[in-house]
Amino acid sequence: MEELSCETVFSLPVVGGISESVVVTWIIMAVLVVASLLLTRNLSVENPGKVQLMLEAGIGWAQDFFEGIIGKEAKRYGPYLITVLIYLAAANTLAPLFGFKPPTKDLNVTAALAVMSMCLIEFSGIRKNGVKHWVKHFAEPVPVVAPITVLEIVIRPLSLCMRLFGNMLAGFVVLELLKFFVPLIVPIPVSFYFDIFDGLLQAYVFVFLTALFMTEEME
Amino acid sequence: METIIAIGAAIAVLTGIGAGVGIGIATGKAAEAIARQPEAESKISKNLILGCALAEATAIYGFIIGLLIIILL
């Protein structure tokens, strides 16, 4: 049971306790920043190296993916969505592989991501169609459904948050139980499924659903 | 009291039935669709992943409720 809770690593004088997920997030941020600085050095149009070609393939895939969902607006919202995708992929897969607890197992992290997604979804709708249309679209197709469509603002990020949190926590709990009963060899393939496959899938699903909701809002 | 809490958590986890049946049906239909139209595989699998993620959410909610029952009560 103690594995479920998020421990406080140390406390600062003003802000209070710093929990484990925050520290792991800092580490991931540092790794990603250093990696992006190192990987984007020496880019050239004339003779691209192996690293540059791989980067271009990856970024090109992600841009095509979001352009397929959002359409033309993908240029504006793409960088944020790709950043979240990379962060979630790193948090779900790399952190467990190097012995950290995944930060997405903490409800506060996924809630923060979901609140950011909520702001982005509503902002994209307002920006595309204006405030008047945004207020009016709650009463479509009939005004009776207005309470439900207003509730949808909260329900969509709530389900995003709970899906990510529940999946990561479930994988974590199953793996801890398995490590307790059979510490030898057996956890390896299970860890492949829960950490790598499920982690990447959930990162994909999170940004995919955010983009899908944005398209819905921008109609 | 302990027994009642355990039974409550077990009932909450029964939501997994719905998710299992739903994902099973979705995957079966996707396999049929791919057999009928192999060239549309990428579109079908994209929709399949989306549908599975949405269907799975119910099981996850059950899991979270079960966990909350055990931890909070």
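A.B. asks: Go over the interface of chain B and chain A, please, and point to the residues and values.
C.D. replies: Listed as interface residues are 14 residues of chain B and, on the opposing side, 18 residues of chain A. The junction of chain B with chain A conceals about 1,300 Å² of combined surface from both sides, 80% of it contributed by carbon and sulfur atoms. Between the two partners, chain B and chain A, sit 0 salt bridges. Counting every contact that joins chain B to chain A gives 1 residue pair in polar contact (both at pLDDT 80 or more).

A.B. asks: Hey, could you go over the environment of Val9 of chain A for me, with residue numbers and the actual values?
C.D. replies: Residues and elements named next belong to chain A. Among the secondary structure elements, Val9 is positioned in strand 1 (residues 8-12). Of the residues examined, Val9 reaches a relative accessible area of 48% and is grouped as partly exposed. For the pair Val9 and Arg76, spaced 67 residues apart in the sequence, the C-alpha separation amounts to 37 Å. Excluding anything up to four places from it in sequence, Val9 contacts Ile18, Ser19, Glu20 and Val23.

A.B. asks: Can you explain unusual backbone geometry? Please cite residues and give values.
C.D. replies: Residue and element names in this part refer to chain A. For Ile185, which is not glycine, the phi dihedral falls at a positive 60 degrees. By the secondary structure assignment, Ile185 is in the loop between helix 5 (146-181) and helix 6 (187-218). You can call Ile185 exposed: its relative accessible area is 59%.

A.B. asks: Give a description of the side chain of Asn167 of chain A that names residues and reports values.
C.D. replies: Residue placement: Asn167 of chain A occurs in helix 5. Sequence-distant contacts of Asn167 of chain A, defined by excluding residues within four places in its chain, comprise Asp198 and Gln202 of chain A together with Glu56 and Ile60 of chain B.

A.B. asks: Requested: an account of helix 4 (residues 107-136) of chain A, with residues and values cited.
C.D. replies: Residues and elements named next belong to chain A. Compared with an ideal rise of 1.5 Å per residue, which puts 30 residues at 44 Å, helix 4 spans 33 Å between its outermost C-alpha atoms and falls more than 12% short. At Gly130, helix 4 shows its largest bend, some 115 degrees. On its buried face, helix 4 sits against helix 1 (20-39), helix 3 (74-97), helix 5 and helix 6. Where helix 4 begins, the capping side chain belongs to Asp106, and its oxygen is found 3.2 Å from the backbone nitrogen of Asn108.

Procedures and definitions
- Each chain carries its own residue numbering, running from 1 in the written order of its sequence.
- Think of it this way: whatever chain is written first is A, whatever ligand is written first is 1, and the rest follow in order.
- Only residues with pLDDT of 70 or above have their local features reported here, since the model is predicted, and side-chain atom pairs are shown and tallied only from 80 upward, although totals for entire chains, interfaces and linings are computed over all residues.
- To get the side-chain values, take all heavy atoms of the structure and skip hydrogens and water.
- In this description, contact between two residues means that some pair of their heavy atoms is separated by no more than 4.5 Å.
- Buried area: the sum, over both parts, of the accessible surface (1.4 Å probe) that disappears when the two are put together.
- In what follows, salt bridge is the name for a side-chain nitrogen of Lys or Arg lying within 4 Å of a carboxyl oxygen of Asp or Glu.
- Throughout this description, a polar contact denotes any pair of N or O atoms lying within 3.5 Å of each other; where both atoms belong to protein, one of them has to be capable of donating a hydrogen while the other can accept it, and for residues adjacent in sequence the pair is counted only when both atoms sit in side chains.
- Helix and strand definitions here come from DSSP, where helices need a minimum of 4 consecutive H or I residues and strands a minimum of 2 consecutive E residues; each element is numbered from the N-terminal end.
- Only protein chains enter the accessibility calculation, which uses a 1.4 Å probe; a residue is then buried when its area is under 20% of its type maximum, exposed when over 50%, and partly exposed in between.
- A helix is expected to span 1.5 Å multiplied by its residue count minus one.
- Bend angle per residue: angle between axes fitted to the 7 residues ending at that residue and the 7 residues starting there.

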